[in-house]
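Reading the structure
Here are the chains, one letter per residue:
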Amino acid sequence: MASPQPRVGVVTYPGSQDDRDALWALAAVDAEAVPVWHEETELPDLDAVVLPGGFSYGDYLRCGAIARFSPATTAVCEFAASGGLVLGICNGFQVLCEAGLLPGVLLRNASLRFVCRDVPLVVERDDLPFTSRCTTGQTLVIPVKHGDGRWFAPPELVRELETNRQIVLRYGEPCNGSVGDVAGVCNLDGNVMGLMPHPEHAVDPLLGSADGALLLASLVEAARTRALSVV
Amino acid sequence: MRATVVVRPKQGILDPQGQAVESALEHLGFSVSDARVGKVVDLTIDGVDADEARVQVERMCEQLLANPLMESYEVEVHG
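In short, a report on the structure. (Residues numbered from 1 in each chain as written. Chains lettered and ligands numbered in written order. Predicted model: local features only at pLDDT ≥ 70, side-chain atom pairs only at ≥ 80, totals over all residues.)

Let's talk about the overall build of chain B
For clarity, the threshold we go by: Under the DSSP-based scheme used, a helix requires at least four consecutive residues in state H or I and a strand at least two consecutive residues in state E, with every element numbered from the N terminus. Atoms considered for the radius of gyration are the C-alpha atoms alone. The globule rule reads 2.2 Å times the number of residues to the power 0.38. Contact between two residues is assigned whenever their backbone-derived C-beta positions fall within 7 Å.
For chain B, the count of helices and strands is 2 helices and 3 strands. Its helices and strands taken in sequence order, chain B reads β-α-β-α-β from the N to the C terminus. A compact globule built from 79 residues would reach a C-alpha radius of gyration of about 12 Å, whereas chain B, at 16 Å, exceeds it by more than 25%. Projected onto the principal axes, the alpha-carbon positions of chain B cover approximately 50 × 25 × 15 Å. Considering only contacts within chain B whose residues lie at least 6 apart along the sequence, 66% involve residues at least 24 apart.

As for the overall build of chain A
Helix and strand counts for chain A come out as 5 helices and 11 strands. In summary, chain A has a C-alpha radius of gyration of 16 Å against a globular reference of 17 Å for 231 residues, a match within 12%. Taken along the three principal axes of its C-alpha coordinates, chain A extends 50 × 35 × 35 Å. Nonlocal contacts in chain A, meaning residues at least 24 apart in sequence, comprise 73% of its contacts between residues at least 6 apart.

Observations concerning the environment of Pro6 of chain A
Residue and element names in this part refer to chain A. Put simply, the rule is: Here a residue counts as buried when 20 or more other C-beta atoms sit within 10 Å of its C-beta, as exposed when there are 12 or fewer, and as partly exposed otherwise, the C-beta atoms being derived from the backbone.
Among the structural elements, Pro6 can be located in the segment before strand S1 (7-12). Overall, Pro6 belongs to the buried group, with 23 C-beta atoms counted inside 10 Å. With near-sequence residues (within four places) excluded, Pro6 lies in contact with Ala31, Glu32, Asp47, Ala48, Val220, Ala223, Arg224 and Ala227.

Details of the pairing of strand S2 (residues 32-37) of chain A
Residue and element names in this part refer to chain A. Keep this limit in mind: In this scheme, strands are said to pair when DSSP sees at least two bridges between them. By convention a crossover is right-handed if, when the strands point away from the viewer, the path from the first strand over the helix to the second runs clockwise.
In this structure, S1 lies alongside S2, joined through 6 bridges in parallel fashion. Within S2, the position partnered with Thr12 by the bridge is Trp37. In this region the chain leaves S1, passes through helix H1 (residues 19-28) and returns to the parallel neighbour S2; the handedness of that crossover is right-handed.

Here's the deal with the interface of chain A and chain B
To be explicit about the condition: Throughout, the ten residues Ala, Val, Leu, Ile, Met, Phe, Trp, Tyr, Cys and Pro are labelled nonpolar, Asp, Glu, Lys and Arg are labelled charged, and all others, Gly among them, are labelled polar.
With 10 residues of chain A at the contact, the number on the chain B side is 8 residues. The class makeup of the residues in the side of chain A that touches chain B is 7 nonpolar, 1 polar and 2 charged.

Some thoughts on the sheet that holds strand S4 (residues 85-89) of chain A
All names here are of chain A. The following threshold applies: Here, axes are lines fitted to C-alpha atoms. For helices the fit covers the stretch in contact, and angles between N-to-C directions go from 0 to 180 degrees.
The strand order across the open sheet formed by 9 strands is S2-S1-S3-S4-S11-S10-S9-S6-S7, and the pairing between neighbours is mixed. The open sheet is flanked by S2 and strand S7 (139-146), the only strands paired with a single partner. Taking the axes of each pair of neighbouring strands and ignoring which way they run, one obtains an average angle of 25° across the sheet. Relative to strand S3 (residues 48-51), S1 runs parallel, the two sharing 3 bridges. Among the inter-strand pairings, Gly9 is bridged to a residue of S3, identified as Val49.

Rendered as structure tokens:
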């Protein structure tokens, strides 16, 4: 018997760009990908949620600052608070930081240049719902494309995150000036993660790399386990 | 009631925009240092006195206009 497909939502804000790619990539790793409109005050029945890349609400004021107040984001915060799996990619990462679900903030790249290229990423931990198909120390190659991806947190917060093992991915080479070369972090409970690179753009060798599929397939597998445990 | 909010990158935070502006000013022949780039938000609040306006603008700063991790702010209320 085929195992049931977990339902993974992808929120579309005005200005989201990678929502369709995220839907496609999730389907490619055997999820039922469910579009969620930003005006929805309640999420449909979902096993995980992805906040995609783009420029939500024009990214006015600060990246993700306005999207934080959208009805769908409020619903996603409630979903996360009840233990739901939430992955923020690029702009989605910025939204989760602004919403206080993830630590730190994303600032303008130190170079002031938009970076758009494949980057090596070192996996810091493989015991999360987002990294179970990876191995700690493994290098993934996944593209970045952002102008505001310089993750920052004050030194005392960075120390706390290191102690709590909340840094999940680091750039294997200088990318945007992030503190500690941080590319992705998770919350204390490990059910919310954000990263600047785009796993949904790296799910097939034809795209240059299939390493992003490891992260997305980890998420889908964890979502499937949760879906089964609820039934 | 008119109010002005000035939002600045906190001391010690790398501000590449400020560095770029400083570099451009130096190209123009000005001798400058420590250029920092922030934001100004002007707004009008109806039906409140100056004290209440200040309270409300402070709340706006905490909730939206500034991110305390990286920015500081100053509020000025004009009569």
